Amino acid sequence: MELFLDVLVDTLIDSAKMLPFLYLAYLLIETIEHRHGEKIERALAGGGKWGFVPGAALGIIPQCGFSAVASNFYASRVITLGTLLAVYLSTSDEAVPLLAAMPEKWNMLALLLVIKFCYALAVGFVLDVVLRRLMPDGLRGGYTGRAAEVDCHEKHAGKEESVWLAALRHTAEIFVFILLFGLVFGMIVEWIGYDTFAAMLGSLGFAQPLVAALVGLIPNCAASVLLTQLYLAGALRFSSLVAGLCAGAGVGLAVLWRTNPSVKQNAFITALLWATGAAAGVLMQLIAMLF
């Protein structure tokens, strides 16, 4: 019990330090979502063959609703596969506000966003331009629908409340995630020892990004919270964080499986998302070895 109380107190103190920055980050996100949400959706739908460019840019905004919109658009064949993957790969969900809540990590946050944006552009370009003629029409998507025909099934909960309350609600929800994770992680580390836990993850070697990408596929913001907290705790390499967050599309995958009728397409896209996410992490490890 004494060990539990010590871990609880330490976790509460560490988590509370993030609250002001976390709230400010969500306040900015909610303001963008409330004032420019419809314009952003129209930009995503109107990109055509080059839709992966606005897709990669819009996915950077830490709001999992955009990946849900992209899934709906793809299911209605309004956007292409490259645009869908660009949104998925650039989406970071809760990682951005978590890192933004720690000023000493702002440089890593900027690097993370630049890497994910550039990588999303590259993958989108390969799928929609380089490999465009090699893909079946049904998988390639785009060109056959209109944005007006799409019913976005994912309603944004914050639409009917003020940005101040919406930001406060999101902050409270993620604070609970952070607190629970910190408590569980702290107990595990105290039980088996931090050095042993870090050695277990470190022993994965080049396979660590592959495992992180699998975690990223979980269609829940808890996945990005888990990956980010493991990175902040020093148990996950930055390359593995990139792999997991590239593969993490928030609720986008869940919406895709619900709205797109082709199981084969959904399975292929899920596997492709994992492969491209894992490849990003492995590539970063190779570059680190060379330099």
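Numbering of residues begins from 1 in every chain and follows the order in which that chain's sequence is written. Per-residue local features of the predicted model are confined to residues with pLDDT of at least 70, and side-chain atom pairs are confined, for both listing and counting, to 80 or more; whole-chain, interface and lining totals are unaffected and use all residues. Note: side-chain values were computed over all heavy atoms of the structure, leaving out hydrogens and water.

## Observations concerning the overall build of the protein
Right, so step 1: A tally of regular secondary structure across the protein gives 14 helices and zero strands.
Right, so step 2: Counted from the first residue to the last, the protein has its helices and strands arranged as α-α-α-α-α-α-α-α-α-α-α-α-α-α.
Right, so step 3: Under the scheme applied here, a residue whose accessible area is under 20% of the maximum for its type counts as buried, over 50% as exposed, and between as partly exposed, the area being computed with a 1.4 Å probe on protein chains only. Across the 291 residues in the protein, those meeting the buried criterion constitute 50%.
Right, so step 4: Taking as baseline every contact in the protein between residues at least 6 positions apart, the subset at least 24 positions apart corresponds to 84%.
Right, so step 5: Using the Shrake-Rupley algorithm and a 1.4 Å probe, accessible areas are obtained, with residue cover drawn only from the displayed protein chains. In the form shown here, the protein has an accessible surface area of approximately 13,600 Å², with 70% of it arising from carbon and sulfur atoms. Numbering of helices and strands runs from the N terminus; a helix is a DSSP stretch of H or I covering at least four residues, while a strand is a stretch of E covering at least two. Note on definitions: a residue-residue contact is assigned when non-hydrogen atoms from the two residues lie within 4.5 Å.

## Observations regarding the environment of Leu 139
Right, so step 1: The topology assignment puts Leu 139 in helix H7 (residues 137-140).
Right, so step 2: Distance from Leu 139 to Ser 262, taken between C-alpha atoms, is 9.4 Å for residues 123 residues apart in sequence.
Right, so step 3: Residues within four places of Leu 139 in sequence aside, it is in contact with Tyr 74, Leu 81, Gln 265 and Phe 268.

## Comments concerning the packing of aromatic side chains
Right, so step 1: Only Phe, Tyr and Trp rings are paired, with Trp represented by its six-membered ring, and only when their centres lie within 6.5 Å; those with planes under 30 degrees apart are stacked, over 60 edge-to-face, the remainder tilted. Tallied over the full model, the rule gives four aromatic pairs.
Right, so step 2: Their ring planes at 75° and their centres at 6.3 Å tell us that Phe 52 and Phe 125 sit as a pair that is edge-to-face. Note that Phe 52 is positioned in helix H2 (residues 52-59) and Phe 125 in helix H6 (residues 106-130), a separation of 73 residues in sequence.
Right, so step 3: Among the residues examined, Phe 52 registers a relative accessible area of 3% and is labelled buried.
Right, so step 4: Among the aromatic residues, those joined into a cluster by ring pairs are Trp 50, Phe 52 and Phe 125.

## Focus on the environment of Arg 258
Right, so step 1: By the secondary structure assignment, Arg 258 is in helix H13 (residues 252-259).
Right, so step 2: Between the C-alpha atoms of Arg 258 and Asn 72, which are 186 residues apart in sequence, the distance is 9.2 Å.

## What to know about a negative patch on the surface
Right, so step 1: A contiguous patch of negative charge on the surface is contributed by Glu 2, Asp 6, Asp 10 and Glu 190.
Right, so step 2: Tallying contributions element by element places helix H1 (residues 2-45) first for the negative patch, with three residues.
Right, so step 3: Inspection of the secondary structure puts Asp 6 in helix H1. Each patch is built from residues that are more than 30% exposed by relative accessible area and take part in no salt bridge. Like charges join if they lie within 9 Å; nonpolar side chains (Val, Leu, Ile, Met, Phe, Trp, Tyr) join within 5 Å. Salt bridge criterion: a side-chain nitrogen from Lys or Arg within 4 Å of a carboxyl oxygen from Asp or Glu. A residue counts as positive if it is Lys or Arg and as negative if it is Asp or Glu; His and the chain ends are not included. Charge placement uses NZ in Lys and CZ in Arg. For Asp and Glu, CG and CD serve respectively.

## Some remarks on the confidence of the model for the protein
Right, so step 1: The predictor's confidence in any single residue is recorded as pLDDT, a number from 0 to 100. For the protein, per-residue confidence averages 79 on the pLDDT scale, and 79% of positions sit at 70 or higher.
Right, so step 2: With pLDDT under 50 throughout, residues 143-159 is counted as low confidence; its partners more than four residues away or in other chains account for 37 contacts.

## Focus on helix H4 (residues 81-90)
Right, so step 1: Within H4, ten of the ten residues are buried, which leaves it mostly tucked inside the rest of the structure.
Right, so step 2: Within H4, the full set of buried residues consists of Leu 81, Gly 82, Thr 83, Leu 84, Leu 85, Ala 86, Val 87, Tyr 88, Leu 89 and Ser 90.

## Quick look at helix H12 (residues 238-247)
The α-helix winds at 3.6 residues per turn, so residues separated by three or four positions along the chain end up facing the same way.
Right, so step 1: Of all ten residues in H12, ten are buried; the element is thus mostly enclosed.
Right, so step 2: All of the buried residues along H12 are Phe 238, Ser 239, Ser 240, Leu 241, Val 242, Ala 243, Gly 244, Leu 245, Cys 246 and Ala 247.

## Considering a nonpolar patch on the surface
Right, so step 1: Together, Trp 50, Val 53, Phe 125, Val 126, Val 130, Leu 131 and Leu 134 make up an exposed nonpolar region whose accessible area comes to about 630 Å².
Right, so step 2: The biggest single contributor to the nonpolar patch is H6, with three residues.
Right, so step 3: Take Leu 134: it is sitting in the loop between H6 and H7.

## Here's the deal with empty space enclosed by the protein
Right, so step 1: Residues are called lining when one of their atoms sits within 4 Å of a cavity or pocket point, these points coming from a 1 Å grid over the protein atoms alone, where a cavity is a set in which a 1.4 Å probe fits but cannot get out and a pocket is an open set with protein on both sides within 12 Å along at least five of seven lines. Grid points are joined across faces, edges and corners, and a volume is the space filled by probe spheres set on the points. Scanning all chains against the criterion turns up two cavities of 30 Å³ or more.
Right, so step 2: When its volume is computed, the largest cavity comes out at roughly 70 Å³.
Right, so step 3: Lining the largest cavity are 14 residues, and of these Asp 93, Gly 216, Ser 224, Leu 245 and Gly 248 lie nearest its centre.
Right, so step 4: Sorting the residues of the lining of the largest cavity by element identifies helix H11 (221-232) and H12 as the ones contributing at least two each.

## Thoughts on the packing of H12 against helix H14 (residues 263-290)
How two helices pack is summed up by the angle between their axes together with the distance between the axes.
Right, so step 1: The contact between H12 and H14 brings their axes to 8 Å, and the two run at 160°. In this view, H12 runs roughly antiparallel relative to H14, as classed from their interaxial angle. Both H12 and H14 take part in a crossing whose hand is right-handed. Only Leu 273, Trp 274, Gly 277, Ala 278, Ala 280, Gly 281, Met 284 and Gln 285 of H14 make contact with H12, whose side of the interface consists of Phe 238, Ser 239, Ser 240, Val 242, Ala 243, Cys 246 and Ala 247.
Right, so step 2: Residues were grouped as follows: Ala, Val, Leu, Ile, Met, Phe, Trp, Tyr, Cys and Pro as nonpolar; Asp, Glu, Lys and Arg as charged; and all remaining residues, including Gly, as polar. Split into classes, the residues belonging to the contact of H12 with H14 amount to ten nonpolar, five polar and no charged. Lines are fitted to the C-alpha atoms to define the axes, a helix being fitted only along its stretch in contact, and any angle between axes, read from their N-to-C directions, falls within 0 to 180 degrees. Angle categories: roughly parallel below 35 degrees, roughly antiparallel above 145, roughly perpendicular from 65 to 115, and oblique for all the rest. Two helices that cross are described as forming a left-handed crossing if the nearer one is turned anticlockwise from the farther one by less than a right angle, and a right-handed crossing if clockwise.

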